[in-house]
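Listed below are the residues making up each chain.
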Amino acid sequence: MNDFETDKKATLVISELAKEGYGDLAKPSFKEVGTGAGYIARFAANLIGRPFEHLSKRLEHFWDQADREYLKKVDSIPENERIEPSLDVSLKTIQAMQSRIANDDLRSLFINLLVSASDSRVKDGVMPSYPSLLTDLTSDEAKLLVRLSEPNRPNPFLVVSREVKVNEKVTGEIVLIKHLSKLAFEAGCSYPNNIGQYIDNLARLNIIEIPTLSSYSNEKIYDDLESDPVIQVVKTELKKQYGTQIKYNRKMIRLTNLGEGLCKACKIDQLNSRGN
């Protein structure tokens, strides 16, 4: 089975927005939220430190969309539970959102953070670290989090290694495939053969963890994975190349407490409702 051709996503860099000082950053009154547009746009304009009309049309359109989406979602919060987001969360979220001008999915996750911070019932679960975590995610990684956060659904994978023998004695192993699973396909990732990088990045951010000595006790979970037609093709090709020296170590992925909190605060499950 041939490897997938590696695809790399282009990174959109927005220049001339960051300022070393923010001057007199106005803190918008929350009385205006839900009664008129412009909360995020005005906040961004003050944050950037220049008149908003001097920004590109594309950026202006981006903030207008963000405003509409935020106000619509905030309107669903009962009025007596609606509060002004903390300056800390608002500042970090809107700063981070600038890097996602071309990505509707990730923009929505940032807005969901602000909405959660605007709801007195869940605001304490919105950590100031969440915006920076979202900044380091791709769309595929966000889709993967949707899949990994599904309740009561296991996240199994296999680590494929080859035994190294000296004089017919096994002296060690060489890892051939660090992550063999169906997760990328189940999540609808655009670049499924980047799954190893996605898993590494999510683990680096401490959003997920891979327990060293843990696996699912229900063997059927792994039997179903190994019997999948795509996995079978991979196993057949590996057997042709390495014979019986192949080992399949059963592993599992789970969200950390940080990952669970992030998914809840940014309402990660709502990505499915966008049809992606």
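Please refer to the structure placed before this passage.
What counts as what
Residues numbered from 1 in each chain as written. Predicted model: local features only at pLDDT ≥ 70, side-chain atom pairs only at ≥ 80, totals over all residues. Heavy atoms only, no water. Helix = DSSP H or I, 4+ residues; strand = E, 2+ residues; numbered from the N terminus. Buried < 20%, exposed > 50% of the residue type's maximum accessible area, 1.4 Å probe, protein only. Contact = heavy atoms within 4.5 Å. Areas by Shrake-Rupley, 256 points an atom, 1.4 Å probe, with all protein chains shown as cover. Expected span 1.5 Å × (residues − 1). Polar contact = N/O pair within 3.5 Å; in protein donor to acceptor, adjacent residues only side chain to side chain. Salt bridge = Lys/Arg side-chain N within 4 Å of Asp/Glu carboxyl O.

Visitor: Outline the overall build of the protein chain, listing residues and values.
Guide: Looking only at helices and strands, one finds 12 helices and five strands in the protein chain. The burial tally for the protein chain puts 43% of its 276 residues in the buried class. The contacts of the protein chain with a sequence gap of at least 6 include a subset with a gap of at least 24, amounting to 77%. In the structure as shown, the protein chain presents an accessible area of about 15000 Å², 48% of it carried by carbon and sulfur atoms.

Visitor: I'd like to hear about helix α4 (residues 104-117), residue by residue, with values.
Guide: Taking 1.5 Å of rise per residue, 14 residues should cover 20 Å, and α4 covers 20 Å from first to last C-alpha, within 8% of that figure. Counting buried residues in α4 gives 13 out of 14 residues, a clear majority hidden from the surface. A distance of 3.1 Å separates the backbone nitrogen of D105 from a side-chain oxygen at the start of α4, and that oxygen is part of N103.

Visitor: So what about the side chain of D140? Which residues, and what values?
Guide: Locating D140 in the fold gives a position in helix α6 (residues 139-148). Within the structure, the side chain of D140 is placed 2.7 Å from the side chain of Y198, a separation counted as a polar contact.

Visitor: Tell me about the pattern of salt bridges, and please be specific about residues and values.
Guide: Applying the stated criterion across every chain, the model contains 19 salt bridges. A salt bridge links D119 to R121, with the shortest nitrogen-to-oxygen separation between them at 2.8 Å. For D119, a relative accessible area of 8% translates into the label buried. With a closest N to O distance of 2.9 Å, D124 and K123 form a salt bridge.

Visitor: Please set out the environment of T135 residue by residue, giving values where relevant.
Guide: For T135, the location among the structural elements is in helix α5 (residues 130-135). Distance in space between the C-alpha atoms of T135 and A96 is 6.0 Å, their sequence separation being 39 residues. Ignoring anything within four residues of it in the chain, the contact list for T135 reads A96, S99, R100 and F110. Within the local environment of T135, its side chain forms a polar contact with the backbone oxygen of P131, the two atoms lying 3.0 Å apart.

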